[in-house]
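Now for the letters of each chain:
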Amino acid sequence: MRQDHLISASQLSRADIEAVLDRAAEIDGDPAAWGDTHDRAVLGLCFFEPSTRTKMSFDTAIKRLGGTTTDMGSVDSSSVKKGESLADTVRVVEGYADALVLRHPSEGAAKLASEFVDVPVINAGDGAGQHPSQTLLDLYTIRENVGLDDLSIGIMGDLKYGRTVHSLAEALTNFDVRQHFISPESLQLPRGVRFDLHQSGAQVREHTELDGVLPDLDVLYVTRIQRERFPDETEYEKVAGEYQIDTETLNAAKDDLAVMHPLPRVDEIDPAVDATDHATYFEQAHNGVPVRMALLDSLLEADQ
Ligand code: NCD
């Protein structure tokens, strides 16, 4: 990895990504062999927003490397409630931990935090910004299922506020991938991400309907409408419930289409899809552990 912190997917080269994915595959093959690689390493968990998968899989990952965690807990039970700044919180926690995992509602929060501490900071989601460790597990899942080159992927739902989408789209520019973005007009990719994709010469097309493009796809990456990011509830109401898929929708798909979702889902994927061979989202969530073990291993190693 070229840098000590993981803030944005745009800092990841193809070589960086492949190194983490290869190590994750090695770990996946024999997890027990890694049990004392980072004995007594402490990972600081600072989650200013709700999390299930990201927090728990980082927690499991460091423990499977022989380390442990120290957890700020919820915002309500921490000194944030007393008005402590983010800069002060992370400067304190760096004294307790060898690396920090930070999730925060403000875009740019992880970058800001990384300017105040010497230990590696992993951005586990900064508002509608980025979520690069999710991207690594997404790429791992894609590589395991359909391979990462000569790939057609459809990314559907909330492309405006979905941070997993922003990171994934940028990382995919390192590979030979055709990216199809499917969303209502009001939730299309933000200007900054669009600019980055354009700059890197990505093969990108935008659609408002899934139908026309579905038969060509190898992966369909579905996302939740990010209700908590809408400044106006009535705007959310206008798009809620659009872009749902069920088993009937998938009749038009290739037999080996992998349906992915960073989870949590609300109503975007009908539960009946879970029983089909397309459903890849639980496997994707489980891949969070070996991939985050590989990521932590490389960041802790680089920091020594
Ligand atoms: C995502 C997130 O927090 O951005 N969840 C996750 O980390 N797997 C997606 C979401 O909340 O919709």
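Residues numbered from 1 in each chain as written. Predicted model: local features only at pLDDT ≥ 70, side-chain atom pairs only at ≥ 80, totals over all residues. Heavy atoms only, no water.

Moving on, we get to helix 1 (residues 14-29). In this model helix 1 runs 22 Å from its N-terminal to its C-terminal C-alpha over 16 residues, within 8% of the 22 Å that 1.5 Å per residue would give. Of the positions making up helix 1, those classed as buried are D16, I17, V20, L21, A24 and I27. End-on, the buried residues of helix 1 take up no more than an arc of 120 degrees, which puts them together on one face. Exposed and facing more than 90 degrees away from the buried side of helix 1 are A15 and G29. (Helix = DSSP H or I, 4+ residues; strand = E, 2+ residues; numbered from the N terminus. Expected span 1.5 Å × (residues − 1). Buried < 20%, exposed > 50% of the residue type's maximum accessible area, 1.4 Å probe, protein only. Arc of directions from axis to C-beta.)

A volume near 380 Å³ is recorded for the largest pocket. Taken together, 21 residues make up the lining of the largest pocket; nearest its centre are R103, R163, R224, L263 and P264. Classifying every residue of the lining of the largest pocket gives 4 nonpolar, 10 polar and 7 charged. Roughly 260 Å³ of internal volume is contained in the second largest pocket. Surrounding the second largest pocket, 19 residues form its lining, E107, A128, G129, Q130 and H166 being those nearest its centre. For the lining of the second largest pocket, the elements supplying multiple residues, two or more each, are strand 4 (121-126), helix 6 (163-172) and helix 7 (191-199). Top contributing element to the lining of the second largest pocket by residue count: helix 7, with 3 residues. (1 Å grid on protein atoms, 1.4 Å probe; cavity = no way out; pocket = protein on both sides within 12 Å on 5 of 7 lines; lining within 4 Å. Points joined across faces, edges and corners; volume = space filled by probe spheres on them. Nonpolar A, V, L, I, M, F, W, Y, C, P; charged D, E, K, R; others polar.)

This next bit is on the sheet that holds strand 2 (residues 68-71). Read across the open sheet, the 4 strands follow the order 2-1-3-4; overall the sheet is parallel. With one partner strand each, in any of the chains shown, strand 2 and strand 4 form the two edges of the open sheet. Averaged over all pairs of adjacent strands, the angle between strand axes in this sheet comes to 20 degrees, irrespective of strand direction. Bridging between strand 1 (residues 42-47) and strand 3 (residues 99-104) involves 5 bridges; their strand directions are parallel. Bridged to C46 within strand 3 is L102. Lying on the sheet, helix 2 (residues 53-64) is in contact with strand 1, strand 2, strand 3 and strand 4; it crosses strand 1 at an angle near 175 degrees. In the packing of helix 3 (residues 86-93) onto the sheet, contacts are made with strand 1 and strand 3, and the angle to strand 3 comes to roughly 155 degrees. (Pairing = 2+ DSSP bridges. Axes fitted to C-alpha atoms, helices over the stretch in contact; angles between N-to-C directions. Contact = heavy atoms within 4.5 Å.)

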